[in-house]
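Notes for the structure review
Below, each chain spelled out in residue letters.
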Amino acid sequence: MNFELTEEHKMIRDAARDFAQTELLPGVIERDENQTFPTEQIKKLGELGFMGMMVSPKYGGAGMDTISYILAMEEISKVDASCSVVMSVNNSLVCWGLETFGNEEQKEKYLKPLASGEMIGAFCLSEPEAGSDATSQQTTAIDKGDHYLLNGTKNWITNGSSASVYLVIAQTDLEKGHKGINAFIIEKDMHGFVVGAKENKLGIRGSDTHSLMFTDVKVPKENRIGEDGFGFKFAMKTLSGGRIGIAAQALGIASGAYELALKYSKERKAFGTEICNHQAIAFKLADMITEITAARHLVMKCAWDKDQGNNYDVSSAMAKLYASKVAMEQTVEAVQIHGGNGFVKEYHVERLMRDAKITQIYEGTSEIQKIVISRSVIKG
Ligand code: COS
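Small disclaimer: the values here were computed from a predicted structure and weren't measured.

1. A closer look at the overall build of the protein chain
Looking only at helices and strands, one finds 11 helices and 10 strands in the protein chain. Since a compact globule built from 380 residues should have a radius of gyration of about 21 Å, the 21 Å found for the protein chain is in line with a globular shape. Scored against the burial criterion, the 380 residues of the protein chain give a buried share of 54%. Sequence separation of at least 24 residues holds for 73% of the intrachain contacts in the protein chain that already meet a minimum separation of 6. Of the roughly 16600 Å² of accessible surface on the protein chain, 54% is carried by carbon and sulfur atoms. A gap of 3 Å separates the mean positions of the 42 positive and 50 negative side-chain charges of the protein chain.

This is the structure in structure tokens:
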């Protein structure tokens, strides 16, 4: 076992930290307030290689490992979780899915611009009636010979309007159940594809979340990913990796709030001393750093599993379940340590608390993670 980061890992973490402080911190409160998408910031993340971190340089990516990816995700999420969700979806759902399961033509045409940050991608599984119950897809893609005809609605899609390329899951053959589901690459300008209204959200307000409508969209046959009927497995396998990204996001939200709370507690005075000298606050800090360290170990372990080629379906579910719980609980504590100041926007912790909630919901709710983990332990 080796708990040390390599020099390269440290460099990537520090580059992400610098970027977050210089490029993301200024304006983060306003972007949250006005629900402004971080267009310029995402462009710069692309130039740094952070939009296709794990993609091979052959396809315009940075060729880094999963540990590097989660280190960068944590640092970006400490400051701007709206920005990090855009990065996470593009990296671990869209780019990874295309690089692992796409064919050579699909990689040349779509992966290259996505990995270089020239384009943004979206992953479209959820529907009004199919969130956790992902096999109940109502969106249909009927085989018409040289193309599929796509009809249906997708909900809560991250990068809904900012994306140019959408990976859409749809039912091709109802009788075959989940084995009749396929994944397709959809371009924004395909006829019959409409981006719906933007959601007005509790947290990650800088990211754009939309519903998407497909009416008789003609999807060329060559835009199907993998063999006929591979769509559900594609979604499940891709989400396992996505959950590592969201676990790292949750870790970053928690550690960002902790760092702010620690600093504040060393400056703010009450009853004649800095509040960190009061046991009530000192013990909160002790609990926070302990929980965050435990979450970091789970996230690191599962990233390591992925880099080693081990199965990470369960370790990513555990990492996301635990890190998102820590994010929710410890951001509440960070607000508490800040007292009245924690309740106002200028101190950043209220935003982190609002941002934390979604990490227990998207890419599989905490309850879904418990299904994945419990089925695995019972099966043995
Ligand atoms: N990798 C590969 N295949 C997987 C898999 C994985 N991680 N998880 C499930 N599968 C396969 C199963 O092996 C099964 O295939 P076979 O019939 O060939 O064995 C198939 O997928 C169906 O699996 P299962 O029977 O377990 O389906 P369930 O309907 O019980 O659902 C859960 C399984 C709940 C785990 C799944 O629906 C899920 O993850 N839901 C949450 C989806 C989600 O994250 N939504 C958020 C949207 S993205 S923001």
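2. Examining the site of the ligand
The full set close to the ligand counts 21 residues, and Ser132, His178, Lys233, Arg243 and Arg375 are the nearest of them. With respect to the ligand, the backbone of glycine 131 contributes an N or O atom lying 3.3 Å from a nitrogen atom. At 3.2 Å, a side-chain N or O of lysine 179 approaches an oxygen atom of the ligand. Look at the ligand: alone it shows 1000 Å² of surface, and the protein chains cover 71% of it.

3. Remarks on the layout of surface pockets
Its volume calculated, the second largest pocket comes out at about 640 Å³. In terms of lining residues, the second largest pocket is bounded by 21 residues, among which Asn2, Phe3, Glu4, Ile67 and Met300 are the most central. Mapped by element, the contributors of at least two residues to the lining of the second largest pocket are helix 1 (7-24), helix 4 (66-79) and helix 8 (279-308). If one sorts the elements of the lining of the second largest pocket by residue count, helix 8 sits on top with seven residues. Looking at the lining of the second largest pocket residue by residue, the classes come out as seven nonpolar, five polar and nine charged.

4. Details of the environment of valine 335
Secondary-structure assignment places valine 335 in helix 9 (residues 313-338). When the C-alpha atoms of valine 335 and leucine 260 are compared, they prove to be 9.6 Å apart, with 75 residues separating the residues in sequence. Contacts of valine 335, omitting those with residues within four sequence positions, involve Gly342, Val349, Glu350 and Met353.

5. Remarks on the nonpolar core
In this structure, Leu45, Met87 and Leu98 are the most contacted members of the largest nonpolar core, which totals 91 residues. With 16 residues, helix 7 (residues 231-267) is the single largest residue contributor to this core. With residues near it in sequence (within four places) discarded, leucine 98 still touches Lys107, Tyr110, Leu111, Leu114, Leu167, Ile185 and Ile225.

6. What to know about the pattern of salt bridges
Taken as a whole and assessed by the stated rule, the structure comprises 24 salt bridges. Notably, a salt bridge pairs arginine 17 with glutamate 75, separated by 3.0 Å at the nearest N-O pair. Within this pair, whereas arginine 17 is found in helix 1, its partner glutamate 75 is found in helix 4, the two being separated by 58 residues in sequence. What makes glutamate 75 buried here is its relative accessible area of 4%. A salt bridge links glutamate 104 to lysine 58, with the nearest nitrogen and oxygen atoms 3.8 Å apart. Remark: lysine 58 occurs in the loop between helix 3 (39-47) and helix 4 and glutamate 104 occurs in helix 6 (residues 104-115); sequence separation between them is 46 residues. It is possible to trace a salt-bridge network through shared partners that takes in Asp32, Glu33, Lys345, Glu350 and Arg354.

7. A word on the packing of aromatic side chains
Two aromatic rings, taken as a pair, are described by how far apart their centres are and by the angle between their planes. All told, the structure shown has nine aromatic pairs when counted by the stated rule. A centroid spacing of 4.8 Å and a plane angle of 25° characterise the contact between phenylalanine 193 and phenylalanine 214, whose relative ring orientation is stacked. Linking phenylalanine 193 in strand 6 (residues 193-198) with phenylalanine 214 in strand 7 (residues 209-220), this pair joins segments that are 21 residues apart in sequence. Of the residues examined, phenylalanine 193 reaches a relative accessible area of 9% and is grouped as buried. The exposure class assigned to phenylalanine 214 is buried, which follows from its relative accessible area of 2%. A network of ring pairs unites the aromatic residues Trp96, Phe101, Phe123, Phe230 and Phe234 as a single cluster. The ring of tyrosine 148 is capped by lysine 221, whose NZ or CZ atom sits 5.2 Å from the centre of that ring.

Definitions and cut-offs
Residues numbered from 1 in each chain as written. Predicted model: local features only at pLDDT ≥ 70, side-chain atom pairs only at ≥ 80, totals over all residues. Heavy atoms only, no water. Helix = DSSP H or I, 4+ residues; strand = E, 2+ residues; numbered from the N terminus. Rg over C-alpha atoms; globule rule 2.2 N^0.38 Å. Buried < 20%, exposed > 50% of the residue type's maximum accessible area, 1.4 Å probe, protein only. Contact = heavy atoms within 4.5 Å. Areas by Shrake-Rupley, 256 points an atom, 1.4 Å probe, with all protein chains shown as cover. Lys, Arg positive; Asp, Glu negative; His and termini not counted. Charge placed at Lys NZ, Arg CZ, Asp CG, Glu CD. Near = heavy atom within 4 Å. Polar contact = N/O pair within 3.5 Å; in protein donor to acceptor, adjacent residues only side chain to side chain. 1 Å grid on protein atoms, 1.4 Å probe; cavity = no way out; pocket = protein on both sides within 12 Å on 5 of 7 lines; lining within 4 Å. Points joined across faces, edges and corners; volume = space filled by probe spheres on them. Nonpolar A, V, L, I, M, F, W, Y, C, P; charged D, E, K, R; others polar. Core = buried A, V, L, I, M, F, W, Y, C linked by side-chain atoms within 4.5 Å. Salt bridge = Lys/Arg side-chain N within 4 Å of Asp/Glu carboxyl O. Phe/Tyr/Trp six-rings, centres within 6.5 Å; stacked < 30°, edge-to-face > 60°. Lys NZ or Arg CZ within 6 Å of the ring centre and 35° of its normal.

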